[in-house]
Amino acid sequence: MKLKRSSVAIRIVIAALIVYAAVTLVSLQTQIRERRAEAAALAGQIVSAEQETQRLQNAIKTVNTDEGTEEIARAKLGLAIPGEIIFHDVGK
């Protein structure tokens, strides 16, 4: 009789451990999926930041040239080359 009771108790403990392991496994799978989605989003942000960095480095290189300086003078300061006539479209 005692052997039967301990056998039932062992089965209950084993069943509880299996249920616990299954719940833990499902929970970990969900966390893995979430982390992979976060990693993909961060990878996209990294690519975007690298592209922006490259664009800014190109802009810095352009600013240090005569053409870049002239472009800034025209766009930001409204300057023109002597003798040049600037027309403004007032229809916009």
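Not measured: the values here are computed from a predicted model.

Novice: Explain the overall build of the protein chain here, please?
Specialist: What the protein chain contains, in helices and strands, is two helices and zero strands. A globule of 92 residues ought to have a C-alpha radius of gyration of about 12 Å, yet the protein chain, at 34 Å, is considerably larger. Dimensions of the protein chain, computed from C-alpha atoms along their principal axes, come out at roughly 115 × 35 × 15 Å. Working note: accessible area of the protein chain is about 8600 Å², and carbon and sulfur atoms make up 65% of it. Between the centroid of the 12 positive side chains of the protein chain and the centroid of its 10 negative side chains there is a distance of 34 Å.

Novice: Can you help me understand the pattern of salt bridges in this one?
Specialist: A side chain of one charge can pair with a side chain of the opposite charge when the charged atoms of the two come close. Within this structure, the stated rule accounts for five salt bridges. Across the pair Glu34 and Arg35 runs a salt bridge whose closest N-O atoms are separated by 3.7 Å. Look at Glu34 and you get partly exposed, because its relative accessible area is 41%. The closest approach of N and O atoms between Glu38 and Arg35, which form a salt bridge, is 3.8 Å. With Glu38 and Arg35 both in helix α1 (residues 2-63), this residue pair falls three residues apart, about one helical turn. Among the residues examined, Arg35 registers a relative accessible area of 47% and is labelled partly exposed.

Novice: What should I look at first to understand a nonpolar patch on the surface in this one?
Specialist: The grouping of Ile10, Ile14 and Ile18 at the surface amounts to a nonpolar patch, some 290 Å² of accessible area in total. Looking at where Ile10 falls in the secondary structure, it is placed in helix α1.

Calculation rules
Residues numbered from 1 in each chain as written. Predicted model: local features only at pLDDT ≥ 70, side-chain atom pairs only at ≥ 80, totals over all residues. Heavy atoms only, no water. Helix = DSSP H or I, 4+ residues; strand = E, 2+ residues; numbered from the N terminus. Rg over C-alpha atoms; globule rule 2.2 N^0.38 Å. Areas by Shrake-Rupley, 256 points an atom, 1.4 Å probe, with all protein chains shown as cover. Lys, Arg positive; Asp, Glu negative; His and termini not counted. Charge placed at Lys NZ, Arg CZ, Asp CG, Glu CD. Salt bridge = Lys/Arg side-chain N within 4 Å of Asp/Glu carboxyl O. Buried < 20%, exposed > 50% of the residue type's maximum accessible area, 1.4 Å probe, protein only. Patch = residues over 30% accessible without salt bridge, like charges linked within 9 Å, V, L, I, M, F, W, Y side chains within 5 Å.

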